[in-house]
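Residue strings, one per chain:
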Amino acid sequence: MSEATVADTRRLNSKPQDLTDAYGPPSNFLEIDVYDPQTIGVGRNRFTTYEVRMKESCVRRRYSDFEWLKNELERDSKIVVPPLPGKALKRQLPFRGDEGIFEESFIEERRAGLEQFINRIAGHPLAQNERCLHMFLQDESIDRNYIPGKVRQ
Amino acid sequence: MSFFSFGQTAEIDIVLNDAETRKKVEHKTEDGKRDKYFLFYDGETVSGKVNVTLKNPGKRLEHQGIKIEFIGQIELYFDRGNHHEFVSLVKDLARPGEMAQSQTFDFEFTHVEKPYESYTGQNVKLRYFLRATISRRLNDICKEMDIVVHTLSTYPELNSSIKMEVGIEDCLHIEFEYNKSKYHLKDVIVGKIYFLLVRIKIKHMEIDIIKRETTGTGPNVYHENDTIAKYEIMDGAPVRGESIPIRLFLAGYEMTPTMRDINKKFSVRYYLNLVLIDEEERRYFKQQEITLWRKGDIVRKSMSHQAAIASQRFEGSASSEKALSQAKEEDD
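What you are looking at is a predicted structure, and each value in this text was computed from that prediction instead of being measured.

### Re the pairing of strand 4 (residues 46-54) of chain B
All names here are of chain B.
Inference 1: Bridge count for strand 1 (residues 10-16) against strand 4 is seven bridges, and the pairing is antiparallel. Looking at the pairing, Ile14 lines up with Val50 of strand 4.
Inference 2: Two elements, strand 4 and strand 9 (residues 103-109), share seven bridges in a ladder whose sense is antiparallel. Within the sheet, the bridge partner assigned to Lys49 lies in strand 9 and is Asp106.

Structure below.
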């Protein structure tokens, strides 16, 4: 006559969680806002800048800065870089009925796309210690002659 | 098969002596069907009768000998012609001559060694079977009967837990623990995942059981991975200090014992794969091998021992611990 044994399924002991860890803000709370688009300059030399704001820093960047960041990451890091919102070359042609790339609805669309782009990159573990990303997010202006590499924590 | 309307042919039937009492188990065939076969263990005797029935009454059956074989063999699917026999026993039932009427022959293979478990896999098959053969000049008459062999083990003396800290620097650090490294097929994997550092947005976490069948040697090694189970253990984003329990019942999954380098031809190994998935669908994983073994069905444990274990399930208390050690003493 065979009897089944009762399996021991008790949980393993673990340390109780610290209450500050349990109720504090999570460490992954990195949210980057792309804000406040402003068009600078006159005539054909106009361009739009956006405020890139994190918890501790706030810088102004334009679309070509985002392009620069994308190229740096594609070359140096092992990540698959998410797409940027489009270059909108058609909008830069003359004789358009609207404001082209300075059209309000287009700027808003681009702003949302840039916000999504930068958040996805900043959340990627393999991009988090790239010097180009740190410079993009924290430095006043981007030094295109910087030395690429990793930031050692 | 006889193509001539004259001449004699016969039907062979193999019947085991203990066919009434011997247990049958289900075993997968190569095409995925499940059939029932008689179950044998290492060292058991295989005995029975071979019934030879003449098809055409009145005619004699000329033959070059009748024999029965007990064979254990490994067949690699990419090399079908070569069967590697690791057990091969033969008993002669009749010397060359003539059979005037249907006959029954007794056979017994005493205390046969059956060192490996029967296994039907993706690229390899290990099987045991009886084969009765009537040798003839032009064509033999053959009958095969497959049996299934299970290899049993007892509780291993050394069964340490698996405990490890892994992670990505500055990003994700976890400590995982599984209560044992060797589990029997109806066991429960009890474990926990403790988060030391969480700087990514985790969506959920799961444990997969992966079976890896390895065939071939040297440069021609081929691994076939099969995910047997996917079991979600956490839904949502954890923070530092959180501990996620694992309780995975193995009896629900179709698995075999771990088979290492069987007759130097193949291996079947099992791995636990801990997988974390973040909000961008990126996957982080850690694979860990576990050893599976087959426990015999008959277990002699006293009822008081079982009751003591059950009472300890809800946060061990001093009194139930005492009862447990007392019951253990009675048992020994």
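Still more to cover.
### Digging into the pattern of salt bridges
Inference 1: In total, this model carries 36 salt bridges over all chains according to the counting rule given.
Inference 2: Note that Asp8(A) and Arg10(A) form a salt bridge whose closest N and O atoms lie 2.7 Å from each other.
Inference 3: Between Arg269(B) and Glu289(B) there is a salt bridge whose closest N-O contact spans 3.0 Å. Of this pair, Arg269(B) sits in strand 21 (residues 266-278) while Glu289(B) sits in strand 22 (residues 283-293), placing them 20 residues apart in sequence.
Inference 4: The exposure class assigned to Arg269(B) is partly exposed, which follows from its relative accessible area of 25%.
Inference 5: For Glu289(B), a relative accessible area of 25% puts it in the partly exposed group.
Inference 6: Overlapping salt bridges, with partners in common, bring together Glu69(B), Arg127(B), Arg131(B), Glu144(B) and Asp146(B) in one network.

### Section: the sheet that holds strand 14 (residues 172-178) of chain B
Residues and elements named next belong to chain B.
Inference 1: What the four strands build is an open sheet, ordered 13-14-16-19; its pairing is antiparallel. A strand with exactly one partner marks an edge of an open sheet, and here the two such strands are strand 13 (162-168) and strand 19 (243-249). Across this sheet, the average inter-strand angle for adjacent strands is 20°, counted without regard to direction.
Inference 2: Relative to strand 16 (residues 188-198), strand 14 runs antiparallel, the two being bridged by seven bridges.

Basis of the calculations
Residue positions are given per chain, counted from 1 along the sequence in the order it is written. As they are written, the chains are lettered A onward and the ligands numbered 1 onward, keeping that order. A pLDDT threshold of at least 70 governs which residues receive local features in this predicted model, and a stricter bar of 80 or more applies before side-chain atom pairs are shown or counted, although totals over entire chains, interfaces and linings include all residues. Water and hydrogen atoms play no part in the side-chain values, which are based on all heavy atoms of the structure. Strands qualify as paired when DSSP identifies two bridges or more between them. Put simply, DSSP marks the helices as runs of H or I at least four residues long and the strands as runs of E at least two long, and each gets a number from the N terminus on. Definition used for salt bridges: Asp or Glu carboxyl oxygen within 4 Å of a side-chain nitrogen of Lys or Arg. For the exposure calls, accessible area comes from a 1.4 Å probe over protein chains only, and a residue counts as buried if that area is under 20% of its type's maximum, exposed if over 50%, partly exposed in between. Convention adopted: a line fitted to C-alpha atoms gives each axis, helices being fitted over their contacting stretch, and angles between N-to-C directions are expressed from 0 to 180 degrees.

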